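# Structure at a glance
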Amino acid sequence: GAALKGTIIHEALARFAGKYSTELPDDIEAALLAEAREVLTDYAGDTRIAAFWVPRFERFATWFADTEPARRADVVKTFAERTGRLVFDAPFDKFALTARADRIDHVANGDRQPGLVMTDYKTGALPSPKSVLSGQRPQLPLEAAIALAGGFGDLPQDVAVTGLSYISASGKDEPGQENIIATANCQDVADTMLANLKALVALYDDPATPYEAKRRRGFDYRFDDYAHLARVAEWSVGGDGEGDAS
């Protein structure tokens, strides 16, 4: 399934970054494929993985090898799969925001602006800059907020965040793709998303705030663990997703 595919690809990229955190190998494509094959050892007998996933990852590896040197320009060190934490006060109690960042590059003095570049890997469609900056997809800005607060442990402290980006590792018709969300005003974006989160937590810390069965138009809640308690299937009507009481 998609979850397993994502896990395998993330693990291969994390191993690559861990092994080549300060300097790229001479043959980037071969080195990345070697890590992927090691991760795929346990699934070598699966015909679907052999027939579809492996060729797609090979196409992505070619794209990655062509584009990675530019991303690594002036990078002192690449950090992979780092867990971060930021605790703030809320009306009811302290609230802990946690995240696991796929990749954080520490850019030093050079042609690029020094600071931290936060990157998230996706195996499906990439979020658009608009959806991220509007607050619909706040993951990367909140990771930036954690980094700016020094919440990623062994990362350099008191360093600005200078980039937010997504990389697609789908390996399909377009084998790889990078969406650069922001290279300026990352601090402002992170501050805004953190302020929005604090407001949301404060709202739901209020006992008078209801937990609605259908929360936001345009989002698919097929996997909502609580929808059955509201018997949504009995009163919902197809169409605009809002439903009508009956």
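Note: the structure precedes this text.
In what follows, the accompanying structure is described. Quantities reported herein were computed from a predicted structural model and do not represent experimental measurements.

### Focus on the pairing of strand E2 (residues 94-107)
Judged from the 13 bridges that link them, strand E1 (residues 75-89) and E2 form a sheet pairing that is antiparallel. Within E2, the position partnered with Phe79 by the bridge is Ile104. Counting the residues between successive antiparallel strands, the hairpin from E1 to E2 contains four residues. Where E2 lies against strand E3 (residues 115-122), five bridges are found, and the strand directions are antiparallel. Bridge pairing in E3 links Ile104 to Met118.

### Some words on the pattern of salt bridges
According to the stated counting rule, one finds 12 salt bridges in the structure shown. The partner of Lys94 in a salt bridge is Asp89, with the nearest N and O atoms 2.6 Å apart. Taking the shortest distance from any N to any O, the salt bridge between Lys122 and Asp120 comes out at 3.2 Å. Judged on exposure class, the residue Lys122 and its partner Asp120 are both buried. Taken together, the shared-partner salt bridges in this structure form one network comprising Glu68, Arg71, Arg72, Arg103, Asp105 and Glu178.

### Re the nonpolar core
Residues Ile104, Met118, Phe152, Val161 and Leu164 are the most contacted members of the largest nonpolar core, which totals 32 residues. Elements with a contribution of two residues or more to this core: E1, E2, E3, helix H5 (139-148), strand E4 (161-168), strand E5 (177-182) and helix H6 (186-205). A total of seven residues in this core trace back to one element, the largest contributor, which is H6.

### Examining the sheet that holds E4
On the basis of which strands lie adjacent, the open sheet formed by five strands has the order E1-E2-E3-E4-E5 and mixed pairing. Each end of this open sheet is capped by a strand with a single partner; those strands are E1 and E5. Neighbouring strand axes in the sheet, compared pairwise and without regard to direction, differ in orientation by 35° on average. Of the strand pairs in this sheet, E3 and E4 are connected by seven bridges, and their pairing is parallel. Across the sheet, the residue bridging to Met118 is Leu164, located in E4.

What counts as what
Residues numbered from 1 in each chain as written. Predicted model: local features only at pLDDT ≥ 70, side-chain atom pairs only at ≥ 80, totals over all residues. Heavy atoms only, no water. Pairing = 2+ DSSP bridges. Helix = DSSP H or I, 4+ residues; strand = E, 2+ residues; numbered from the N terminus. Salt bridge = Lys/Arg side-chain N within 4 Å of Asp/Glu carboxyl O. Buried < 20%, exposed > 50% of the residue type's maximum accessible area, 1.4 Å probe, protein only. Core = buried A, V, L, I, M, F, W, Y, C linked by side-chain atoms within 4.5 Å. Axes fitted to C-alpha atoms, helices over the stretch in contact; angles between N-to-C directions.

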